Amino acid sequence: MLSDFGSMGQWKMDRMISVALFALVLFSGVSGYKMITCQLHCKNSLTSSFVLSQFQIMKDLSPHESCSLPSIVRSPRSDDEALVICNPLGSSVGIQKALDLKTWRPVGGASPNHPVVWDEAIGTEKIVSMADPRIFVFNSQYFLIFYKRHPQMQLARLKVLADGSVLGLSDSYIFIHHRFKHKSTSEKNWGPFEYRPNRSVSFDGAHAHARPQLLFVYSMVPHVIIGFGNDGSDGPDMIRFSRPPGHLSMMPLHCTRTNVSFWQWGEQLRGGTPAVYIPRVGKYLSFFHSKNVHNEAIHTYFMGAYMYEGNPPFAITDLSEEPIFAPNFHIGRYAYKHVDYINYPMSFILTENDVVLLSYGRQDTESWVLEIDLATLLSSLRPIVSHAIPCNETY
């Protein structure tokens, strides 16, 4: 699982020493988040065996435009290009860029970042400072899912031209509501995926002409799948977007429970990327994150991979035994006073050569892409057993 640089046990020992050093610095009155450099990790970096390389992207932004949560999809202009979109913290203008998938350089040379205006009025609403925006494709159309205001998740169709330019949000705009659970906390990290019922049947099968369904992973443990309507078949194409925004009810469709007690890097596994269907195994692949707390003082964000069934009930079948590691994940200056390292998965593209291009945010200040060998990643996952449960048992 880990190559070249040591064992998981050694990493845990280093973390304990790191925490002790951090506490000592705080006790001595020195600003920990500015001064501490974890030299132990510089010396004992860990790299997962399936990690091929990593690239920093969106580096030419000005400091006030810092984009740390990049979301990527294939550009409509070419399969060799990625459309990257992110939203600077506290800004009402997003940043869009087209990058070559081989070089990660801007297409057409040193082209400027193109602004994407989010703050157009929609009814009485105005989109300002969206959080964690993730771009995805459903039924050949581009959508953005994001968190804006407690406790809502929101979905918007994007204006994307044939050349890959994103003009902004379309005049169709909806709120996504959950009506199956009363919550006092924010809704975040729903994982969209496209389900095509006819994937596993012949063309003369009962579902051969069934339209695709837009579904969401609402939570990982338990694994709760939600959708529009009673069976998830009512997708954005069947819903009349409106001004002011229409309010939609989401329903829990499939619920399964899984024992993931072997994961020791945070008690709660949380969503991350939109899922992608992997035909060779007939399952969906996605990346999640978790947050580990050390002595109620220092938080560390980790990420891993998991797979779930390609058909209902979409139960989890495989999950990372340990976090994904890369050379710069746990070195350098701390992100915040009580958060040392943040590596946060946003989205990914699967190439024709079976390489996963995973975009992630680092330290809430930088945008990166991790290149991962798909076959080695899949072989590293731990098979697990899930069982279906009534959805009313999950709330």
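Above: the structure in question.
The rules we used
Residues numbered from 1 in each chain as written. Predicted model: local features only at pLDDT ≥ 70, side-chain atom pairs only at ≥ 80, totals over all residues. Heavy atoms only, no water. Disulfide = S-S within 2.5 Å. Helix = DSSP H or I, 4+ residues; strand = E, 2+ residues; numbered from the N terminus. Buried < 20%, exposed > 50% of the residue type's maximum accessible area, 1.4 Å probe, protein only. Core = buried A, V, L, I, M, F, W, Y, C linked by side-chain atoms within 4.5 Å. Contact = heavy atoms within 4.5 Å. Polar contact = N/O pair within 3.5 Å; in protein donor to acceptor, adjacent residues only side chain to side chain. Pairing = 2+ DSSP bridges. Axes fitted to C-alpha atoms, helices over the stretch in contact; angles between N-to-C directions. Salt bridge = Lys/Arg side-chain N within 4 Å of Asp/Glu carboxyl O.

## Examining the state of the cysteines
Each disulfide consists of a covalent bond between the sulfur atoms of two cysteine residues.
Then step 1. One pass over the structure, following the stated rule, counts one disulfide.
Then step 2. What pairs with Cys-255 in a disulfide is Cys-391, and their sulfur atoms sit 2.1 Å apart. Of note, the bridge from Cys-255 to Cys-391 carries an S-S torsion of about 110 degrees and is right-handed in sense. Residue Cys-255 is located in strand β17 (residues 246-258), and its partner Cys-391 is located in the segment after β28 (386-388); the two are separated by 136 residues in the primary sequence. Exposure class is identical for Cys-255 and Cys-391. Each is buried.

## Remarks on the nonpolar core
Then step 1. Core analysis: the largest hydrophobic core is formed by 24 residues, its most contacted members being Phe-193, Tyr-306, Tyr-308, Phe-314 and Leu-319.
Then step 2. Secondary-structure elements contributing two or more residues to this core are β14 (191-195), β15 (213-219), β20 (283-294), β21 (298-309) and β22 (316-320).
Then step 3. The element best represented in this core is β21, accounting for three residues.
Then step 4. Those residues in contact with Phe-193 that sit more than four places away from it in its chain are Gln-213, Leu-214, Leu-215, Phe-216, Val-217, Ile-225, Ala-275, Tyr-284, Tyr-308 and Phe-314.
Then step 5. Grouped together as the second largest cluster of nonpolar side chains are 22 residues, Ile-278, Met-307, Ala-326 and Leu-377 included.

## A few points about the side chain of Gln-54
Then step 1. Along the chain, Gln-54 falls in strand β3 (residues 51-57).
Then step 2. Within the structure, the side chain of Gln-54 is placed 3.0 Å from the side chain of Asn-328, a separation counted as a polar contact.
Then step 3. At a separation of 3.1 Å, a polar atom in the side chain of Gln-54 contacts the side chain of Tyr-360.
Then step 4. Beyond its immediate sequence surroundings of up to four residues, Gln-54 is in contact with Ala-326, Pro-327, Asn-328, Phe-329, Tyr-360, Trp-368, Val-369 and Leu-370.

## Considerations on the sheet that holds strand β26 (residues 366-373)
Then step 1. Reading across the sheet, the four strands line up as β3-β26-β25-β24 and stay open at both edges, with antiparallel pairing between neighbours. With partners counted over all chains shown, the strands left at the sheet margins are β3 and β24 (343-350), one partner each. Each strand axis lies, on average, 25 degrees off the axis of its neighbour in the sheet, ignoring direction.

## Digging into the pattern of salt bridges
Then step 1. One pass over the full model with this rule turns up six salt bridges.
Then step 2. Across the salt bridge formed by Arg-77 and Glu-81, the nearest N and O atoms sit 3.1 Å from each other.
Then step 3. Taking the shortest distance from any N to any O, the salt bridge between Lys-283 and Asp-318 comes out at 2.9 Å. Taken together, the residues span a long stretch of sequence, with Lys-283 in strand β20 and Asp-318 in strand β22 at a distance of 35 residues.

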